[in-house]
Amino acid sequence: MTTPLKRLGRKYAAPQWRWYLGGTVALIITNIIVLEIPQLAKKVINALAAGTPLDSFTTLSLAIIGLGLAQVLIRTTSRMMIFWPGRALEAAVKDDVFSHMLRVPSSLLSRFSIGDLTSRLNNDITQLRIFFAFGALQVLNVIFISIFTVSKMASIDPILTALAISPMIPMLLLTKFMMPRLYKSMRESTEAMGRLTGKISETFSQAHVIQTMNAHGAMMSRITPDNDAIFEANVRTIWIRTLIWPVMIILMGLSQFATLAWGGRQIIAGHLSVGDIMAFNIYIGMLTFPFASLGIILNVYQRAKPASERLEDISGLAKEDDATQSLSPARRLDGEPLLEVSHLSFSWTDDRRVLDDISFTLCQGERLGIYGSIGSGKSTLFNIITRLLSYKEGSIKLRGQNILEMRPSAVRKSIAYGLQQPLLFSESVRSNLCLGLDEEQVSLYELERCTKQAQVYDDIMRLPETWDTLIGEKGIKLSGGQKQRLALARLLLRPAEIIILDDVISAVDHDTEHRLIDSLLKTKAALVIASHRTSILEPCDKVLVMKEGRIVSFGKFSEVRALIETIASEEEAKSIDLGSKKSVHESTEVRI
Amino acid sequence: MNKIDHKSSVGALSFASLFTLWPWLRPNKKLVLAGASMMPVVAAISMVQPLTVQRAIDEGILKGNFSTTMNWATACLALSLASYIFSGVQSLTTSTAVHRMIRDMRTALVSHVLRLAPAWHDHQISGALATRATSDFDTLSESLNQGVLSSIIDIMVLGGCVIGMFILSAKLAIVAVIVLPVITWVVIWFSRKLNDSMLESRRNLASLNGFTQEALTSLNAVKLLNAEPGVTKRFAQLNRKFRDAQLENVYYDSLMFSTIDGISSITLGIVLFIAIKGTSLGDGLTAGIMVAFVQYVQQLFEPLKMLGTKMAMLQGALTSIQRIQSLLGRSDFVPGDQPVKWPETVGIRFENVSFRYRDQGSLVLKNVTFDAPAGTSLAIIGSTGSGKSTIIKLLAKLYSGYEGSILVGNQSIEPLRPDAVRAHMGIVPQDIVLFEGSIAFNMTLGREGVTRADIVDACRLIGADLFIEQLPGTYDFQVREQGSNLSHGQRQLIVFARALIGKPPIVILDEATSSIDPQSEALIQEATKKILQSRTVVVIAHRLETIKRCDKVLVLEHGEVRELGSPAELIAKKGRYHELVSLGGAHISSQ
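Residue positions are given per chain, counting from 1 as you read along its sequence in written order. Just so you know, chain letters begin at A and ligand numbers begin at 1, following the order they were written in. Local features are withheld for residues below a pLDDT of 70 in this predicted model, meaning they are given only at 70 or higher, and side-chain atom pairs are given and counted only at 80 or more; totals for whole chains, interfaces and linings count all residues. Only hydrogens and water are removed before side-chain values are computed, so all heavy atoms of the structure are retained for them.

1. Considering the environment of Arg103(B)
Its location among the elements puts Arg103(B) in helix α3 (residues 66-115). With 38 residues separating them along the chain, Arg103(B) and Ser141(B) place their C-alpha atoms 9.8 Å apart. For this analysis, residues touch if any pair of their heavy atoms sits within 4.5 Å. If we skip the residues at most four places from it in the chain, Arg103(B) touches Asn227(A), Asp228(A) and Phe231(A). Here a strand is any run of E in DSSP of at least two residues, a helix any run of H or I of at least four, and the numbering for each starts at the N terminus.

Structural data, given as structure tokens:
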């Protein structure tokens, strides 16, 4: 049974073996140099103690300087060569996991919050990088130091070596014992910080309301507990740190004591030289950090393991394409209706049907209006038609071919579906329009055509850098209506046989709306338009009225008009929406 | 928008800004002083310790005197113990003081920002503002604790080492004089590079994360546009930029670590070189001095290896301090400082009020004149953007800078304290905002001097007491976040009652537009009726029944008063109001 961490290591770290090998070689050379310097120094000290003339040692001291210079180059190389695969791995895993996220059905991915997904992409992959870079370097370091340093020390005096090293063992145990506690209090602080960040941004975004209600004090009292929790967790962290780190000082002291006491006895007895003591002192200094880091390495592993599992939770999800049994190429069955939905039913759980026995057909060039209140199942229907959601009961055929047998991307190529919410990126207008297309392949003519059709061309021309204006958080803010029309233009840029618009022009003003409908009606594609507005439904060839997941009426607008008005008045009987152009948004989409 | 220049160079940030923290640190003066007094002790210990090693060797070992050796070795161990205790106490006291300071500053910052005028808030991205209160403080506390404080000790220890070296042998100590300037230069140079590359990689990470969030939020749009490959490609681009920026950081970090490590070896070589030349000149260096000296050299370089990183942190601290202080220094308050003394009922009058929001060119209100005499109710109706909500924002002193005058009880509200004005108004905002906590807490929202009797009175007036008394714990019933364990109608009633507590002379009601279940609707209508009869009321109305119950109706269009009069008068006039009312309920094409 291979663990996720092993699988990740094999896939991403193993191909980097050349870097690891180079780094290891450089590390060995560094160790040899570093260990040789005290040996050279020892000779000088011993001569000094013996009172012999020192002139012959001049070249030796110069050699130490030379070795120091070599050390800079080779140690840099070793660190770079071992850290690089970590960074490369981090980037590669991130690319792959993100790419996988985009290809998983949204109904599966929506089980995770976006914060959670981003955190997995950041924190968990960082843990992997630390394991495969810092962890690797430290493991190698400890191995070499144990082999080289300890053996060098042992060759001077095995008993002294044992005495000098023995205090490192309790230090190691202490680190191992304290580290989980340290990380626990650090995690508590991070979690409290997460809660606080949420509360503070919520508070700031409601500054108006808070001032309106003079609720300043109440808001502050909501923030205090988490602020205090952060303080307490941080202080606890300091206590633990204080216990761990300066302990190294005292343990070093113990090692030094052992060296002087036992070593001194040996020198007096004539078994050792003073130079040996000095070399020992230096070696102890070299051992401290790598040995102390054993506890850290263990922890790095302990954190990388669950991180790799959390990543496999994502990368183990089936992709959309995987779920498609036989991916026959798109066929063209002439004579079949363009879209045929028959006896389609859908429910999230068993108790209530969101869609109940839906059947209709859509022919080439037809305009179908859909009226339905919130929760009537319109958006679910569109999600199923475009394979954002899967279904079990009934069938949907696109030109006679079952859509479950087609690749989702092929279905979406034929059916352009504009979501209720215009989802745009904080990039340029052009990038937003060309999302997913090669920007250089899209001609200016095409951009103009689709934006004019969506009645947003003039708006774009008024922007400071027209097509290249940055929009969204880092750039110019667009109004709700402009966003909707831009998203619509993005949709119209792509050729499609069917265009589905789910209440996409709710924030568009009256005059623009008229022009928009006129231009939309000119497209050759078949149109499915969901809307609350009679001005939009009226020009449609047929109107389908939905209520609670069922089709309650289907026919020409004139035939269903009375029903629509009844439903509308039932719903908002007591409200008089005085010319408000807002329509109530409640997304029944799969996510956000 | 106050843009912060991320590229602030090292020089531009003054160390003086560190001292601006003192007022915040002062309450914890004792802790700070205790910690600070430990620092020289720690430095002194590390200065003395190698000297005990030297004595142990020269006076004990080399003279064959074992008991002397043991005495000095024990002294050396005792110093280690002392060093542990002192540095432990030092780090506990100073860090506790710093974390307390951070906690207090954070509270003060949030509190300050919440008091700034809505007009200022309109131009802020609340997420970015929240960053000031969260991650900037995080950076600050980390850099202060691990950067500033520990580098102060490092520098002291460094000084101690140099002094110790001179005590041992002035000749050998020359090496320190040679090496230190080089090291200082290396550390400063690297810390700049590290700081720059750290900022650069942080910027890159921010844009990568921003893109990731947008892409995941837009997952369905991405799928529908078959844009997965394109989005993946863009992600990879940003990811690679981040990786490369990180790599630069890693490069400088490795190079600095190795350089300082190498210089420590080189220094050892120089020390030996000088020693060799020295003894041949007949200076008489002992083996003990050499061993101790080598230990000094090691001690000297250990903190230096980290000093560059710490310096980079210091720059992070300075940037954070600057951002936090500039926010704390903002004084965009709505002007007015006089207390409010209104009688139990007051009239409201707008006289030729015109107003525009700061950056928008067009007037939102144009010469608006109307009055609502004491104890009457006024309904304001009009389409979105007609200026309805601006009227109540001005009345509640959320915004200032209008032309004309707004009078309450024949007295201009301009010189009055904004929060005092609002304390005399019961305001029901359009969006119901409820917090986690008891019903009683949600009614008072921390207002002082409100008794349980006041709460019960207000609830009774609008009939909210009926449902509250049936809840477990009645007024102590715990409301969940956003009021999710209450029905829509119940939530609305709580907000109504909240506005009526303390019998404010004026009630402002911004009716919710969304329709709700008939039962709640009936409750709310009943409550609205009670409110309208109670005192001077201004209501932005969406419900026909509400409007009909008001004494006066103001029809607003494009910021201008189009019609003003009693409902009956306006119906008779057959104008815009009549038109709207005759549309009745069915308004799917209400445009």
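2. Details of the packing of helix α2 (residues 29-61) of chain B against helix α6 (residues 135-168) of chain B
All names here are of chain B. For helices, the fitted axis covers only the stretch in contact; all axes are lines through C-alpha atoms, and the angles between them, taken along N-to-C directions, range from 0 to 180 degrees. Relative to each other, α2 and α6 sit at 35°, their axes nearing to 8 Å. You can see that α2 and α6 cross each other, and the crossing is right-handed. Contacts from Met39, Pro40, Val42, Ala43, Ser46, Met47, Leu51 and Gln54 in α2 reach Leu149, Ile152, Ile153, Met156, Val157, Gly160, Ile163, Gly164, Ile167 and Leu168 in α6. Amino acids are sorted into nonpolar (Ala, Val, Leu, Ile, Met, Phe, Trp, Tyr, Cys and Pro), charged (Asp, Glu, Lys and Arg) and polar (every other residue, Gly among them). Grouping the constituent residues of the contact of α2 with α6 by class yields 14 nonpolar, 4 polar and no charged. Note: crossing handedness is left-handed where the near helix turns anticlockwise from the far helix by less than a right angle, and right-handed where it turns clockwise.

3. A short note on the sheet that holds strand β2 (residues 355-362) of chain A
Residues and elements named next belong to chain A. If you trace the 4 strands from one edge of the open sheet to the other, you get β2-β1-β4-β5, paired in antiparallel fashion. At either end of the open sheet lies a strand with only one pairing partner, and these are β2 and β5 (401-402). As judged from the 5 bridges shared by strand β1 (residues 339-346) and strand β4 (residues 393-398), these two strands associate in the antiparallel manner. Bridged to serine 342 within β4 is serine 395. The criterion for strand pairing is that DSSP finds at least two bridges linking the strands in question.

4. So, the sheet that holds strand β5 (residues 411-412) of chain B
All names here are of chain B. Reading across the sheet, the 4 strands line up as β2-β1-β4-β5 and stay open at both edges, with antiparallel pairing between neighbours. Only two strands of the sheet have a single partner each, and these edge strands are β2 (365-372) and β5. Inspection of the sheet shows strand β4 (residues 403-408) paired to β5 by 2 bridges, in the antiparallel sense. If you follow valine 408 over to β5, its bridge partner there is glutamine 411. Where helix α11 (residues 388-395) meets the sheet, its contacts fall on β1 (348-355), β2 and β4, and the angle it forms with β1 comes to roughly 115°.

5. Here's the deal with the confidence of the model for chain A
Residues and elements named next belong to chain A. Each residue carries a pLDDT score, the predictor's confidence in it, ranging from 0 to 100. On average, residues of chain A score 78 in pLDDT, and 88% of them reach the 70 mark or higher. When mean pLDDT is taken per element in chain A, helix α3 (residues 58-103) scores highest with 86 and helix α19 (residues 557-571) scores lowest with 72. Counting interchain partners and residues more than four positions distant, the pLDDT-below-50 stretch residues 573-592 has 69 contacts.

6. Some remarks on the pattern of salt bridges
All names here are of chain A. For salt bridges, the criterion is a side-chain nitrogen of Lys or Arg within 4 Å of an Asp or Glu carboxyl oxygen. Evaluation of the coordinates by the stated rule reveals 29 salt bridges over all chains. Glutamate 90 is the partner of arginine 87 in a salt bridge, and the nearest nitrogen-oxygen pair spans 3.2 Å. Residue arginine 87 and its partner glutamate 90 are both found in helix α3; the two are separated by 3 residues, about one turn of the helix. Neither arginine 87 nor glutamate 90 differs from the other in exposure class; each is buried. Taking the shortest distance from any N to any O, the salt bridge between arginine 236 and glutamate 188 comes out at 2.4 Å. Here glutamate 188 lies in helix α7 (residues 168-205) and arginine 236 lies in helix α9 (residues 216-268), a separation of 48 residues in the sequence. Per-residue accessibility, obtained with a 1.4 Å probe over protein chains only, is compared with the maximum for each type, and a residue is labelled buried under 20%, exposed over 50%, and partly exposed between these values. What makes arginine 236 partly exposed here is its relative accessible area of 37%. Glutamate 188 gets classed as partly exposed once you look at its relative accessible area, which sits at 27%.

7. Structural notes on a nonpolar patch on the surface
Residues and elements named next belong to chain A. Taken together, the side chains of Trp17, Leu21, Val25 and Ile29 present a nonpolar region at the surface, about 370 Å² in accessible area. By secondary structure assignment, the location of isoleucine 29 is in helix α2 (residues 17-50). Here isoleucine 29 falls in the partly exposed class, since its relative accessible area comes to 36%. Every patch collects residues that have over 30% relative accessible area and no salt bridge, joining them within 9 Å if they carry like charges and within 5 Å if they are nonpolar side chains (Val, Leu, Ile, Met, Phe, Trp, Tyr). Accessible surface is estimated by sampling points in the Shrake-Rupley manner with a 1.4 Å probe; for residues, cover comes only from the protein chains shown.

8. A closer look at the nonpolar core
The biggest cluster of nonpolar side chains holds 138 residues, and the ones touching the most others in it are Leu172(B), Met290(B) and Phe301(B). With 20 residues, the single largest contributor to this core is helix α10 (residues 287-328) of chain B. Excluding residues within four positions of it along the chain, Leu172(B) makes contact with Val271(B), Ile274(B), Ala275(B), Leu285(B), Ile289(B), Met290(B) and Phe293(B). We define the nonpolar core as a collection of buried residues of types Ala, Val, Leu, Ile, Met, Phe, Trp, Tyr and Cys that are connected through side-chain atoms lying within 4.5 Å of one another. If you look at the next biggest cluster of nonpolar residues, it comprises 82 residues, including Phe112(A), Leu128(A), Leu424(A) and Val222(B).

9. Focus on the interface of chain B and chain A
On the chain A side, the residues contacting the 148 residues of chain B number 145 residues. For the pair chain B and chain A, the summed buried area comes to about 13500 Å², and 69% of that belongs to carbon and sulfur atoms. In this structure, the connection of chain B to chain A is made through 3 salt bridges. Between Glu427(A) and Arg234(B) there is a salt bridge; the shortest N-O distance is 3.0 Å. It is helix α9 (residues 228-280) of chain B that contributes the most residues to the side of chain B that touches chain A, 35 residues altogether. Its residues placed into classes, the side of chain B that touches chain A shows 72 nonpolar, 55 polar and 21 charged. Here the quantity called buried area is the total loss of accessible area, with a 1.4 Å probe, experienced by two parts when brought into contact, counted for both.

10. Comments concerning helix α7 (residues 170-217) of chain B
Expected helix span is taken as 1.5 Å per residue step, with the number of steps being one fewer than the number of residues. Helix length check: α7(B) (48 residues) gives 68 Å between terminal C-alpha atoms against 70 Å at 1.5 Å per residue, within 8%. The reported bend at a residue is simply the angle between two axes, fitted to the 7 residues ending at it and to the 7 residues beginning with it. At Val179(B), α7(B) shows its maximal kink, close to 30°; a proline, Pro181(B), follows between one and four residues later.

11. Details of unusual backbone geometry
Even without glycine at this site, Asp357(A) takes up a positive phi of about 55°. Positionally, Asp357(A) belongs in strand β2. Residue Asp357(A) is classed as partly exposed on the basis of its relative accessible area of 40%. Here Asn410(B), not a glycine, exhibits a phi torsion of approximately 60°, which is positive.

12. Some thoughts on the environment of Glu446(A)
All names here are of chain A. Mapped onto the secondary structure, glutamate 446 falls in helix α14 (residues 444-453). The partly exposed category is assigned to glutamate 446, whose relative accessible area is 24%. Counting along the chain gives 46 residues from glutamate 446 to leucine 492, while the straight-line C-alpha distance between them is 9.7 Å.

13. Things to note about the side chain of Thr259(A)
All names here are of chain A. Checked against the element boundaries, threonine 259 lands in helix α9. Here threonine 259 falls in the buried class, since its relative accessible area comes to 1%. Ignoring sequence-local partners within four residues, the contact set of threonine 259 consists of Leu160, Ala164, Gly264, Ile277, Phe280 and Ile284.

14. Regarding empty space enclosed by the protein
Residues and elements named next belong to chain A. A pocket here means an open set of points on a 1 Å grid, computed over the protein atoms alone, that has protein on both sides within 12 Å along at least five of seven lines. A cavity is instead a set of points where a 1.4 Å probe fits but cannot get out; residues with an atom within 4 Å of a point line either one. Grid points are joined across faces, edges and corners, and a volume is the space filled by probe spheres set on the points. Per the counting criterion, the structure on display carries 12 cavities of 30 Å³ or more. The calculated volume of the largest cavity comes to roughly 150 Å³. Tyr417, Gly418, Leu419, Ala487 and Arg490 are the residues nearest the centre of the largest cavity, which is lined by 16 residues in total. Per-element tally for the lining of the largest cavity: the top contributor is helix α16 (residues 480-492), with 5 residues. The residue inventory of the lining of the largest cavity, partitioned by class, reads 11 nonpolar, 4 polar and 1 charged.

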